[in-house]
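Reading the structure
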Amino acid sequence: MDLDKMIQVGEQVLMKNYGRAPLSFDSGQGCTLYTKKGEAYLDFVAGIAVNSLGYNHPRVIKAIQEQAAKVIHVSNLFWIEDQVKLAQLLVENSFGDKVFFCNSGAEANEGAMKLARKYAYKKYGAERHEIIAMKGSFHGRTMGTLAVTDSAKYQEGYGPLPGGMKFVPYNDLEALEKAITPATCAIMIEPIQGEGGVTPATKEFLQGAKALCDEQGILLILDEIQTGVGRTGKRFAYEHYGIEPHIMTLAKALGGGFPIGAVVATEDVAAAWQPGDHGTTFGGNPLACAAGVASLETILQEKLWEHSEKMGAYLKEGLRALAVKYEIVKAVRGLGLMLGLVLEVPGAPIVEKAYQKGLVINCTAQKVLRFVPPLIISEEEIDTLLTGLEEIFKDME
Ligand code: PLP
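To start, this report covers the structure provided alongside it. As the structure is a prediction and not an experimental result, all values here were calculated from the model. (Residues numbered from 1 in each chain as written. Predicted model: local features only at pLDDT ≥ 70, side-chain atom pairs only at ≥ 80, totals over all residues. Heavy atoms only, no water.)

1. Remarks on the overall build of the protein chain
Applicable threshold: Here a strand is any run of E in DSSP of at least two residues, a helix any run of H or I of at least four, and the numbering for each starts at the N terminus. The globule rule used for comparison is 2.2 Å times the number of residues to the exponent 0.38, while the radius of gyration itself is calculated over C-alpha atoms. For the exposure calls, accessible area comes from a 1.4 Å probe over protein chains only, and a residue counts as buried if that area is under 20% of its type's maximum, exposed if over 50%, partly exposed in between. Whether two residues are in contact is decided by their heavy atoms, any of which lying within 4.5 Å being enough. Per-residue and other accessible areas follow the Shrake-Rupley method at a 1.4 Å probe size, with only the shown protein chains counted as cover for residues. Only four residue types enter the charge count, namely Lys and Arg as positive and Asp and Glu as negative; His and the chain termini do not. Charge placement uses NZ in Lys and CZ in Arg. For Asp and Glu, CG and CD serve respectively.
Per the secondary structure count, the protein chain includes 14 helices and 17 strands. A compact globule built from 397 residues would reach a C-alpha radius of gyration of about 21 Å, and the protein chain, at 21 Å, matches this within 12%. Along the longest, intermediate and shortest principal axes, the C-alpha atoms of the protein chain span 60 × 55 × 45 Å. When the 397 residues of the protein chain are sorted by exposure, 51% land in the buried category. Partitioning the intrachain contacts of the protein chain with sequence separation of at least 6 by distance along the chain shows that 71% fall at a separation of at least 24. Per element, the accessible surface of the protein chain, about 18,100 Å² overall, is 53% carbon and sulfur. Across the protein chain, 39 positive and 48 negative side-chain charges occur, with their mean positions spaced 2 Å apart.

Shown next, in the form of C-alpha coordinates:
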(Lines give C-alpha, C1' and ligand atoms only; values in the text may rest on other atoms or scores of the structure.)
Protein backbone atom coordinates (compact mmCIF):
# COMPACT_ATOMS: atom_id res chain seq x y z
CA MET A 1 0.00 0.00 0.00
CA ASP A 2 1.50 3.37 -0.92
CA LEU A 3 1.19 6.31 1.48
CA ASP A 4 -1.70 8.03 -0.32
CA LYS A 5 -3.71 4.82 -0.35
CA MET A 6 -2.83 4.14 3.30
CA ILE A 7 -4.13 7.57 4.31
CA GLN A 8 -7.26 7.24 2.16
CA VAL A 9 -8.19 3.81 3.57
CA GLY A 10 -7.03 4.74 7.07
CA GLU A 11 -9.37 7.75 7.08
CA GLN A 12 -12.22 5.37 6.31
CA VAL A 13 -11.50 2.56 8.76
CA LEU A 14 -9.63 4.09 11.71
CA MET A 15 -11.15 6.19 14.46
CA LYS A 16 -10.13 9.82 14.24
CA ASN A 17 -8.67 10.22 17.72
CA TYR A 18 -5.14 10.93 16.44
CA GLY A 19 -3.93 13.86 14.38
CA ARG A 20 -1.36 12.18 12.16
CA ALA A 21 1.39 13.62 9.97
CA PRO A 22 1.24 12.43 6.35
CA LEU A 23 4.23 10.15 6.95
CA SER A 24 4.73 6.45 7.45
CA PHE A 25 7.90 4.65 8.45
CA ASP A 26 8.70 1.22 7.20
CA SER A 27 11.97 0.44 9.00
CA GLY A 28 14.55 1.90 11.30
CA GLN A 29 18.23 1.56 12.09
CA GLY A 30 19.97 3.21 15.04
CA CYS A 31 18.44 6.66 15.42
CA THR A 32 17.10 6.84 11.86
CA LEU A 33 13.68 5.91 10.49
CA TYR A 34 13.11 5.09 6.80
CA THR A 35 10.02 5.37 4.62
CA LYS A 36 9.22 2.64 2.06
CA LYS A 37 10.85 4.85 -0.56
CA GLY A 38 14.06 4.87 1.50
CA GLU A 39 13.79 8.49 2.69
CA ALA A 40 15.70 8.89 5.97
CA TYR A 41 14.43 10.76 9.05
CA LEU A 42 16.65 11.36 12.06
CA ASP A 43 14.49 10.66 15.08
CA PHE A 44 14.42 12.89 18.17
CA VAL A 45 11.07 11.55 19.35
CA ALA A 46 11.83 7.82 19.64
CA GLY A 47 8.15 6.82 19.68
CA ILE A 48 7.72 9.42 22.48
CA ALA A 49 10.59 8.37 24.74
CA VAL A 50 10.15 4.66 24.03
CA ASN A 51 12.91 3.50 21.68
CA SER A 52 15.86 4.23 23.95
CA LEU A 53 18.10 1.71 22.17
CA GLY A 54 17.09 3.06 18.78
CA TYR A 55 15.81 0.84 15.99
CA ASN A 56 16.76 -2.71 15.06
CA HIS A 57 18.88 -3.24 18.17
CA PRO A 58 20.37 -6.74 17.72
CA ARG A 59 19.93 -7.80 21.33
CA VAL A 60 16.28 -6.78 21.58
CA ILE A 61 15.47 -8.33 18.18
CA LYS A 62 17.19 -11.62 19.11
CA ALA A 63 15.39 -11.83 22.46
CA ILE A 64 11.97 -11.21 20.86
CA GLN A 65 12.59 -13.65 18.00
CA GLU A 66 13.84 -16.42 20.27
CA GLN A 67 11.06 -15.96 22.82
CA ALA A 68 8.36 -15.80 20.12
CA ALA A 69 9.54 -19.16 18.80
CA LYS A 70 9.27 -20.67 22.31
CA VAL A 71 6.09 -19.25 23.86
CA ILE A 72 4.49 -15.81 23.42
CA HIS A 73 1.96 -15.85 26.22
CA VAL A 74 1.13 -17.85 29.29
CA SER A 75 -1.07 -16.71 32.13
CA ASN A 76 0.03 -15.27 35.45
CA LEU A 77 -1.51 -18.41 36.90
CA PHE A 78 2.05 -19.71 36.34
CA TRP A 79 5.61 -18.55 36.97
CA ILE A 80 7.30 -16.76 34.07
CA GLU A 81 11.12 -16.82 34.10
CA ASP A 82 11.80 -13.51 32.35
CA GLN A 83 9.15 -11.77 34.46
CA VAL A 84 11.12 -12.83 37.53
CA LYS A 85 14.41 -11.73 35.89
CA LEU A 86 13.04 -8.34 34.87
CA ALA A 87 11.63 -7.71 38.34
CA GLN A 88 14.99 -8.72 39.83
CA LEU A 89 16.81 -6.21 37.58
CA LEU A 90 14.42 -3.44 38.64
CA VAL A 91 14.71 -4.31 42.34
CA GLU A 92 18.53 -4.48 42.17
CA ASN A 93 18.72 -1.11 40.43
CA SER A 94 16.10 0.99 42.19
CA PHE A 95 14.63 1.76 45.62
CA GLY A 96 11.95 -0.87 45.02
CA ASP A 97 11.47 -4.26 46.63
CA LYS A 98 8.56 -5.61 44.60
CA VAL A 99 7.27 -5.22 41.03
CA PHE A 100 3.94 -5.69 39.25
CA PHE A 101 3.90 -5.79 35.45
CA CYS A 102 1.21 -4.49 33.13
CA ASN A 103 1.02 -3.30 29.53
CA SER A 104 1.16 0.48 29.35
CA GLY A 105 1.86 3.66 31.24
CA ALA A 106 -1.76 4.42 32.04
CA GLU A 107 -2.20 0.90 33.32
CA ALA A 108 0.86 1.26 35.54
CA ASN A 109 -0.55 4.47 37.00
CA GLU A 110 -3.95 2.84 37.53
CA GLY A 111 -2.13 0.09 39.38
CA ALA A 112 -0.16 2.57 41.48
CA MET A 113 -3.32 4.46 42.46
CA LYS A 114 -5.13 1.25 43.35
CA LEU A 115 -2.15 0.01 45.37
CA ALA A 116 -1.92 3.30 47.27
CA ARG A 117 -5.64 3.21 48.08
CA LYS A 118 -5.55 -0.41 49.17
CA TYR A 119 -2.52 0.29 51.40
CA ALA A 120 -4.22 3.27 53.04
CA TYR A 121 -7.50 1.36 53.35
CA LYS A 122 -5.84 -1.51 55.16
CA LYS A 123 -3.72 0.73 57.39
CA TYR A 124 -6.06 3.63 58.16
CA GLY A 125 -9.53 2.82 56.79
CA ALA A 126 -11.62 3.86 53.79
CA GLU A 127 -11.72 7.57 54.62
CA ARG A 128 -8.06 7.88 53.61
CA HIS A 129 -8.46 7.69 49.85
CA GLU A 130 -7.65 11.09 48.35
CA ILE A 131 -4.89 11.46 45.77
CA ILE A 132 -3.27 14.83 45.24
CA ALA A 133 -1.97 15.39 41.70
CA MET A 134 -0.22 18.35 40.10
CA LYS A 135 -1.46 21.08 37.80
CA GLY A 136 0.04 20.48 34.35
CA SER A 137 0.16 16.72 34.96
CA PHE A 138 -0.29 13.93 32.46
CA HIS A 139 -0.78 10.41 33.77
CA GLY A 140 -2.74 8.70 31.00
CA ARG A 141 -6.10 8.34 29.25
CA THR A 142 -7.98 5.70 31.24
CA MET A 143 -10.80 6.94 33.48
CA GLY A 144 -8.67 6.75 36.63
CA THR A 145 -5.53 8.33 35.18
CA LEU A 146 -7.59 10.99 33.41
CA ALA A 147 -8.93 12.00 36.80
CA VAL A 148 -5.35 12.89 37.86
CA THR A 149 -4.46 14.44 34.48
CA ASP A 150 -4.84 18.20 34.64
CA SER A 151 -6.28 18.90 31.23
CA ALA A 152 -9.77 20.26 30.62
CA LYS A 153 -9.36 19.27 26.97
CA TYR A 154 -8.53 15.64 27.70
CA GLN A 155 -11.21 15.37 30.40
CA GLU A 156 -14.04 17.12 28.53
CA GLY A 157 -16.99 14.88 27.79
CA TYR A 158 -15.79 11.93 29.86
CA GLY A 159 -17.35 12.75 33.19
CA PRO A 160 -18.08 11.74 35.77
CA LEU A 161 -14.49 10.69 36.39
CA PRO A 162 -13.50 8.76 39.53
CA GLY A 163 -13.60 11.07 42.55
CA GLY A 164 -11.23 11.69 45.40
CA MET A 165 -8.57 13.48 43.36
CA LYS A 166 -7.41 17.07 43.64
CA PHE A 167 -4.79 19.27 42.02
CA VAL A 168 -2.21 21.69 43.40
CA PRO A 169 0.25 23.89 41.46
CA TYR A 170 3.43 22.02 40.48
CA ASN A 171 6.51 23.03 42.45
CA ASP A 172 4.41 24.85 45.07
CA LEU A 173 5.26 23.19 48.37
CA GLU A 174 3.13 25.53 50.45
CA ALA A 175 0.04 24.75 48.37
CA LEU A 176 0.77 21.04 48.64
CA GLU A 177 1.07 21.22 52.39
CA LYS A 178 -2.21 23.13 52.64
CA ALA A 179 -3.99 20.61 50.40
CA ILE A 180 -3.16 17.65 52.62
CA THR A 181 -6.01 16.51 54.87
CA PRO A 182 -6.63 13.40 56.98
CA ALA A 183 -8.22 11.96 53.79
CA THR A 184 -4.96 12.16 51.80
CA CYS A 185 -3.57 8.77 50.85
CA ALA A 186 -1.06 9.63 48.11
CA ILE A 187 0.68 12.42 46.25
CA MET A 188 1.35 11.76 42.56
CA ILE A 189 4.13 13.62 40.75
CA GLU A 190 6.08 13.44 37.49
CA PRO A 191 9.73 14.33 38.27
CA ILE A 192 9.69 16.14 34.93
CA GLN A 193 6.30 16.98 33.46
CA GLY A 194 6.59 15.76 29.87
CA GLU A 195 3.25 16.57 28.29
CA GLY A 196 3.07 19.58 30.59
CA GLY A 197 5.96 21.24 28.73
CA VAL A 198 9.15 19.43 29.85
CA THR A 199 9.12 21.10 33.25
CA PRO A 200 11.35 19.60 35.96
CA ALA A 201 10.29 19.49 39.60
CA THR A 202 12.51 21.58 41.83
CA LYS A 203 14.68 19.83 44.40
CA GLU A 204 12.98 21.77 47.17
CA PHE A 205 9.55 20.63 46.00
CA LEU A 206 10.26 16.91 45.64
CA GLN A 207 12.27 16.74 48.84
CA GLY A 208 9.56 18.70 50.66
CA ALA A 209 6.82 16.46 49.25
CA LYS A 210 8.68 13.36 50.42
CA ALA A 211 9.16 14.85 53.89
CA LEU A 212 5.42 15.65 54.13
CA CYS A 213 4.62 12.10 53.07
CA ASP A 214 6.95 10.60 55.66
CA GLU A 215 5.62 12.83 58.44
CA GLN A 216 1.98 12.04 57.70
CA GLY A 217 2.02 8.44 56.47
CA ILE A 218 1.14 9.46 52.89
CA LEU A 219 2.54 7.61 49.88
CA LEU A 220 4.66 9.38 47.27
CA ILE A 221 3.94 8.02 43.79
CA LEU A 222 6.47 9.10 41.18
CA ASP A 223 5.35 8.68 37.60
CA GLU A 224 8.63 7.85 35.84
CA ILE A 225 6.93 6.55 32.73
CA GLN A 226 8.71 9.14 30.59
CA THR A 227 11.70 9.95 32.83
CA GLY A 228 12.69 6.41 33.86
CA VAL A 229 15.23 3.90 32.59
CA GLY A 230 18.14 6.21 31.84
CA ARG A 231 16.36 9.02 30.02
CA THR A 232 17.33 11.91 32.34
CA GLY A 233 20.99 11.07 32.91
CA LYS A 234 20.31 8.79 35.90
CA ARG A 235 18.80 5.33 35.97
CA PHE A 236 15.65 6.93 37.42
CA ALA A 237 14.93 10.65 37.73
CA TYR A 238 14.31 10.49 41.50
CA GLU A 239 18.08 9.96 41.90
CA HIS A 240 18.61 13.62 40.87
CA TYR A 241 16.62 14.67 43.93
CA GLY A 242 18.17 12.62 46.72
CA ILE A 243 14.82 11.07 47.66
CA GLU A 244 13.08 7.77 47.10
CA PRO A 245 9.36 7.36 46.39
CA HIS A 246 7.14 4.67 47.88
CA ILE A 247 5.79 3.75 44.46
CA MET A 248 7.23 4.38 40.99
CA THR A 249 5.57 3.69 37.66
CA LEU A 250 7.44 2.77 34.48
CA ALA A 251 6.50 1.95 30.88
CA LYS A 252 7.71 3.52 27.61
CA ALA A 253 11.45 2.58 27.42
CA LEU A 254 11.17 -0.51 29.61
CA GLY A 255 10.45 -2.94 26.76
CA GLY A 256 12.76 -1.53 24.07
CA GLY A 257 9.65 -0.69 22.00
CA PHE A 258 7.56 -3.66 23.10
CA PRO A 259 4.58 -2.65 25.28
CA ILE A 260 5.14 -3.21 28.98
CA GLY A 261 4.49 -1.22 32.14
CA ALA A 262 5.53 -1.69 35.74
CA VAL A 263 4.59 -0.63 39.24
CA VAL A 264 7.61 -0.70 41.56
CA ALA A 265 7.03 -0.37 45.31
CA THR A 266 8.59 -0.79 48.71
CA GLU A 267 8.04 -4.06 50.56
CA ASP A 268 5.68 -2.47 53.08
CA VAL A 269 3.46 -0.87 50.44
CA ALA A 270 3.49 -3.85 48.08
CA ALA A 271 2.27 -6.07 50.91
CA ALA A 272 -1.14 -4.38 50.58
CA TRP A 273 -1.76 -6.58 47.54
CA GLN A 274 -2.62 -10.18 48.16
CA PRO A 275 -3.73 -12.78 45.55
CA GLY A 276 -6.75 -11.51 43.64
CA ASP A 277 -6.35 -7.84 44.62
CA HIS A 278 -5.22 -6.73 41.14
CA GLY A 279 -4.31 -8.31 37.83
CA THR A 280 -4.19 -8.24 34.04
CA THR A 281 -4.18 -11.01 31.45
CA PHE A 282 -1.20 -9.89 29.38
CA GLY A 283 0.89 -8.09 32.03
CA GLY A 284 4.41 -9.45 32.28
CA ASN A 285 3.93 -12.09 29.60
CA PRO A 286 6.99 -14.00 28.32
CA LEU A 287 7.44 -11.99 25.12
CA ALA A 288 7.12 -8.57 26.77
CA CYS A 289 9.49 -9.58 29.55
CA ALA A 290 12.06 -11.08 27.15
CA ALA A 291 12.09 -7.71 25.37
CA GLY A 292 12.28 -5.97 28.75
CA VAL A 293 15.20 -8.04 30.03
CA ALA A 294 17.18 -7.55 26.79
CA SER A 295 16.50 -3.83 26.78
CA LEU A 296 17.04 -3.10 30.47
CA GLU A 297 20.13 -5.31 30.70
CA THR A 298 21.66 -3.46 27.75
CA ILE A 299 20.90 -0.06 29.27
CA LEU A 300 22.35 -1.15 32.62
CA GLN A 301 25.44 -2.92 31.25
CA GLU A 302 26.30 -0.03 28.93
CA LYS A 303 25.42 2.54 31.63
CA LEU A 304 23.49 4.37 28.95
CA TRP A 305 22.27 6.98 31.43
CA GLU A 306 25.83 8.31 31.48
CA HIS A 307 25.74 8.71 27.69
CA SER A 308 22.32 10.31 28.09
CA GLU A 309 23.75 12.82 30.54
CA LYS A 310 26.68 13.62 28.24
CA MET A 311 24.64 13.90 25.05
CA GLY A 312 21.93 15.79 26.96
CA ALA A 313 24.50 18.37 28.05
CA TYR A 314 25.75 18.67 24.46
CA LEU A 315 22.23 19.10 23.07
CA LYS A 316 21.30 21.56 25.83
CA GLU A 317 24.35 23.69 25.05
CA GLY A 318 23.42 23.73 21.35
CA LEU A 319 19.81 24.63 22.12
CA ARG A 320 20.94 27.36 24.52
CA ALA A 321 23.06 28.87 21.73
CA LEU A 322 19.90 28.98 19.57
CA ALA A 323 18.00 30.63 22.43
CA VAL A 324 20.63 33.37 22.61
CA LYS A 325 20.55 33.92 18.84
CA TYR A 326 16.85 33.74 17.99
CA GLU A 327 14.14 35.82 19.61
CA ILE A 328 11.41 33.24 19.17
CA VAL A 329 13.30 30.89 21.49
CA LYS A 330 12.68 31.75 25.13
CA ALA A 331 14.35 29.03 27.19
CA VAL A 332 15.75 25.51 27.35
CA ARG A 333 14.79 23.13 30.13
CA GLY A 334 14.89 19.49 31.14
CA LEU A 335 17.43 16.89 32.23
CA GLY A 336 19.58 14.44 30.28
CA LEU A 337 17.94 13.54 27.00
CA MET A 338 14.54 14.88 27.96
CA LEU A 339 14.79 18.48 26.84
CA GLY A 340 12.32 21.17 25.91
CA LEU A 341 12.86 24.32 23.85
CA VAL A 342 10.35 26.91 24.99
CA LEU A 343 9.14 29.12 22.12
CA GLU A 344 7.33 32.44 21.83
CA VAL A 345 5.28 30.95 19.00
CA PRO A 346 3.29 27.73 18.42
CA GLY A 347 5.60 24.79 17.77
CA ALA A 348 3.43 22.77 15.35
CA PRO A 349 4.55 24.62 12.17
CA ILE A 350 8.20 24.13 13.23
CA VAL A 351 7.60 20.39 13.61
CA GLU A 352 6.23 20.35 10.02
CA LYS A 353 9.29 22.20 8.74
CA ALA A 354 11.55 19.77 10.58
CA TYR A 355 9.83 16.82 8.87
CA GLN A 356 10.60 18.47 5.54
CA LYS A 357 14.26 18.46 6.54
CA GLY A 358 14.20 14.79 7.53
CA LEU A 359 14.07 15.50 11.27
CA VAL A 360 11.48 14.00 13.59
CA ILE A 361 10.74 16.32 16.49
CA ASN A 362 7.66 16.86 18.61
CA CYS A 363 5.78 19.73 20.21
CA THR A 364 4.11 19.59 23.60
CA ALA A 365 2.10 22.16 25.56
CA GLN A 366 1.63 24.10 22.26
CA LYS A 367 4.87 26.07 22.47
CA VAL A 368 7.52 23.63 23.67
CA LEU A 369 9.59 21.58 21.24
CA ARG A 370 10.36 18.29 22.96
CA PHE A 371 13.50 16.27 22.32
CA VAL A 372 13.54 12.68 23.61
CA PRO A 373 15.83 10.85 21.15
CA PRO A 374 17.15 7.31 21.53
CA LEU A 375 19.74 7.28 24.31
CA ILE A 376 22.33 6.07 21.78
CA ILE A 377 22.25 9.39 19.89
CA SER A 378 25.66 10.78 18.83
CA GLU A 379 27.15 14.29 18.78
CA GLU A 380 27.10 14.21 14.96
CA GLU A 381 23.39 13.41 14.95
CA ILE A 382 22.74 16.21 17.45
CA ASP A 383 24.70 18.57 15.20
CA THR A 384 22.42 17.61 12.30
CA LEU A 385 19.37 18.51 14.41
CA LEU A 386 20.86 21.82 15.55
CA THR A 387 21.78 22.81 11.99
CA GLY A 388 18.24 21.99 10.81
CA LEU A 389 16.63 23.94 13.65
CA GLU A 390 18.88 26.92 13.00
CA GLU A 391 17.88 26.96 9.32
CA ILE A 392 14.20 26.90 10.33
CA PHE A 393 14.59 29.71 12.89
CA LYS A 394 16.61 31.81 10.43
CA ASP A 395 13.84 31.46 7.81
CA MET A 396 11.27 32.57 10.37
CA GLU A 397 13.05 35.83 11.24
N1 PLP B 1 2.55 9.12 32.43
C2 PLP B 1 3.42 9.88 31.74
C3 PLP B 1 4.35 10.78 32.49
C4 PLP B 1 3.44 9.84 30.36
O5 PLP B 1 4.29 10.62 29.68
C6 PLP B 1 2.54 8.98 29.69
C7 PLP B 1 2.49 8.93 28.21
O8 PLP B 1 2.88 9.84 27.52
C9 PLP B 1 1.67 8.20 30.44
C10 PLP B 1 1.70 8.29 31.81
C11 PLP B 1 0.69 7.28 29.77
O12 PLP B 1 1.35 6.20 29.20
P13 PLP B 1 0.63 5.32 28.08
O14 PLP B 1 0.44 6.19 26.89
O15 PLP B 1 1.60 4.18 27.84
O16 PLP B 1 -0.65 4.85 28.65
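The structure having been displayed, the exposition proceeds.
2. Considerations on the sheet that holds strand β3 (residues 40-43)
Quick reminder of the rule: The pairing criterion is simple: DSSP has to find at least two bridges between the two strands.
The sheet built from four strands is open, its strands ordered β1-β2-β3-β15 with mixed pairing. Each edge of the open sheet is held by one strand with a lone partner, namely β1 (27-29) and β15 (359-360). Pairing of β3 with β15, which is carried by two bridges, proceeds in the parallel orientation. Paired with Asp 43 across the strands is Val 360, a residue of β15.

3. Description of unusual backbone geometry
A cis amide bond, omega -5°, links Gly 159 with the succeeding residue Pro 160. Mapped onto the elements of the fold, Pro 160 is located in the loop between α7 (152-155) and β6 (165-168). Here Ala 46, not a glycine, exhibits a phi torsion of approximately 55°, which is positive. Inspection of the secondary structure assignment puts Ala 46 in helix α2 (residues 46-49). Residue Ala 46 is classed as buried on the basis of its relative accessible area of 0%. In this structure, Asn 56 is a non-glycine residue whose phi angle is positive, near 60°. Asn 56 sits in the partly exposed class, given a relative accessible area of 42%.

4. Some points on the sheet that holds strand β14 (residues 338-343)
Condition: Under this scheme, a helix contributes an axis fitted over its contacting stretch, all axes are lines through C-alpha atoms, and angles between N-to-C directions fall in the 0 to 180 degree range.
Taken in spatial order, the four strands line up as β13-β14-β17-β16 in an open sheet, and their pairing is antiparallel. The sheet is open, and its two edges are formed by β13 (329-335) and β16 (362-364), each paired on a single side. Looking at each pair of strands side by side, their axes are set apart by 30° on average, direction ignored. Pairing of β13 with β14, which is carried by six bridges, proceeds in the antiparallel orientation. The residue bridging Val 332 from the neighbouring strand is Leu 341, located in β14. Running over the sheet, helix α13 (residues 348-356) touches β14, β16 and β17 (368-371) and is turned about 170° from β16. Here helix α14 (residues 379-396) sits on the sheet in contact with β13, β14 and β17, set at roughly 165° to β17.

5. Some thoughts on the site of the ligand
Rules: Nearness is judged by heavy atoms alone; a residue qualifies as near a molecule or strand once a single heavy atom is within 4 Å of it. Residues adjacent in sequence count toward polar contacts only when both atoms are side-chain atoms; beyond that, a polar contact is any pair of N or O atoms within 3.5 Å, and within protein one must be able to donate a hydrogen and the other to accept it.
What surrounds the ligand is a group of 13 residues, the closest being Gly 105, Ala 106, Asp 223, Gln 226 and Lys 252. Separating an oxygen atom of the ligand from a backbone N or O atom of Ala 106 is a distance of 2.8 Å. Summarising the interface, the protein chains cover 80% of the accessible area of the ligand, which totals 390 Å² for the free molecule. Here the shell around the ligand gets three residues from one element, more than from any other, and that element is helix α5 (residues 105-124).

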